[in-house]
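Geometric and topological summary
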Amino acid sequence: MEVRVCKNCRRLFKYIYGPDLCQDCIKLVSKGEKDKINKELAATVKPLITEEEVKYEQVKDYIMTHPKSTIIQISEINQITPMKLLEWIREDRLEFSEDSANAWFKCADCGAKIKSGRFCNRCKIR
Ligand SMILES: [Zn+2]
Ligand SMILES: [Zn+2]
């Protein structure tokens, strides 16, 4: 067993491998390193996609492939509340095709028929 002087605290310690540091100092160093790495990871890793976003993508795909389905059908098949669907429509995140007879909404301002969002294009500009 080799004995060396710790470069950090100057104590003698039983050297096994790695840098000339005693067990205590190695712990300190590696803890500091880990914290640094974790911080770097946190800065680069994107937040995990939420369940709601997954649903949203699913619903969007469904509407693309089933353009004529009603709000009720969409909500039942995709297991999402009609309220959530309407919320996305109001936020302008979902849009229905023009031949989707059930998917017309009224402009909150002038009452014109619209496909998504809350206002017709004219009222949106205003
Ligand atoms: Zn030490
Ligand atoms: Zn309008």
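Right above here is the structure, for reference.
Described in the following lines is the structure provided in the data block. Given the structure is predicted, the values throughout are model-derived calculations rather than measurements. (Residues numbered from 1 in each chain as written. Chains lettered and ligands numbered in written order. Predicted model: local features only at pLDDT ≥ 70, side-chain atom pairs only at ≥ 80, totals over all residues. Heavy atoms only, no water.)

**With respect to the overall build of the protein**
Tallying secondary structure elements over the protein gives five helices and four strands in all. What you see in the protein, going N to C, is helices and strands ordered as β-β-α-α-α-α-β-β-α. Taking all contacts inside the protein whose residues are at least 6 apart in sequence as the whole, residues at least 24 apart take part in 27%. Per element, the accessible surface of the protein, about 9700 Å² overall, is 56% carbon and sulfur. (Helix = DSSP H or I, 4+ residues; strand = E, 2+ residues; numbered from the N terminus. Contact = heavy atoms within 4.5 Å. Areas by Shrake-Rupley, 256 points an atom, 1.4 Å probe, with all protein chains shown as cover.)

**Side note on the packing of helix 2 (residues 51-65) against helix 4 (residues 82-90)**
Running from N to C, helix 2 and helix 4 cross one another at 80 degrees; their axes reach a closest spacing of 12 Å. In terms of orientation, helix 2 and helix 4 fall into the roughly perpendicular class. Of the residues in helix 4, those touching helix 2 at Glu52, Lys55, Tyr56 and Val59 are Lys84, Leu85 and Trp88. Its residues assigned to classes, the contact of helix 2 with helix 4 comprises four nonpolar, no polar and three charged. (Axes fitted to C-alpha atoms, helices over the stretch in contact; angles between N-to-C directions. Parallel < 35°, antiparallel > 145°, perpendicular 65-115°, else oblique. Nonpolar A, V, L, I, M, F, W, Y, C, P; charged D, E, K, R; others polar.)

**Some remarks on the coordination of the zinc ion (ligand 1)**
Taken together, the protein ligands of the zinc ion (ligand 1) are Cys6 (SG), Cys9 (SG), Cys22 (SG) and Cys25 (SG), with distances of 2.2 to 2.3 Å. Around the zinc ion (ligand 1), the four donor atoms are arranged such that angles at the metal cover 103 to 118 degrees; this shape is classified as tetrahedral. Along the chain, the residues donating to the zinc ion (ligand 1) fall in the pattern C-x2-C-x12-C-x2-C. With Cys9 in the loop between strand 1 (2-5) and strand 2 (12-15) and Cys22 in the loop between strand 2 and helix 1 (23-44), this residue pair connects regions lying 13 residues apart in the sequence. On the accessibility criterion, Cys22 (4% relative accessible area) is buried. (Donors = N, O, S within 2.8 Å, 3.2 Å for Na, K, Ca; no water. Tetrahedral: all angles 85-135°; square planar, octahedral: opposite > 155°, others 65-115°. Buried < 20%, exposed > 50% of the residue type's maximum accessible area, 1.4 Å probe, protein only.)

**Looking at the pattern of salt bridges**
As enumerated under the stated definition, the model contains seven salt bridges in all. Glu87 serves as the salt-bridge partner of Lys84, at 3.0 Å between the closest nitrogen and oxygen. Residue Lys84 and its partner Glu87 are located together in helix 4, separated by three residues, close to a single helical turn. Residue classification places Glu87 among the partly exposed residues on the basis of a relative accessible area of 29%. Sharing partners across several salt bridges, the network here consists of Glu2, Arg4 and Asp20. (Salt bridge = Lys/Arg side-chain N within 4 Å of Asp/Glu carboxyl O.)

**Comments concerning the coordination of the zinc ion (ligand 2)**
Protein-derived ligands of the zinc ion (ligand 2) are Cys107 (SG), Cys110 (SG), Cys120 (SG) and Cys123 (SG), with the metal-ligand distances lying across 2.2 to 2.3 Å. One way to put it: the four donor atoms around the zinc ion (ligand 2) meet at angles of 101 to 116 degrees, and that makes the site tetrahedral. Positions of the donor residues of the zinc ion (ligand 2), expressed as sequence spacing, correspond to C-x2-C-x9-C-x2-C. What makes Cys120 buried here is its relative accessible area of 6%. For Cys123, a relative accessible area of 9% translates into the label buried.

**Observations concerning the nonpolar core**
Counting residues in each nonpolar core, the largest one holds 17 residues, and the members touching the most others are Val59, Ile74, Leu85, Trp88, Leu94 and Phe96. Within the residue set of this core, elements represented by two or more residues are helix 2, helix 3 (71-77) and helix 4. The element best represented in this core is helix 2, accounting for four residues. Each residue touching Leu85, except ones within four places of it in the same chain, is listed here: Val59, Ile71, Ile74, Ser75, Ile80 and Leu94. Within the second largest apolar cluster, six residues are counted, among which are Phe13, Tyr15, Leu21 and Cys25. (Core = buried A, V, L, I, M, F, W, Y, C linked by side-chain atoms within 4.5 Å.)

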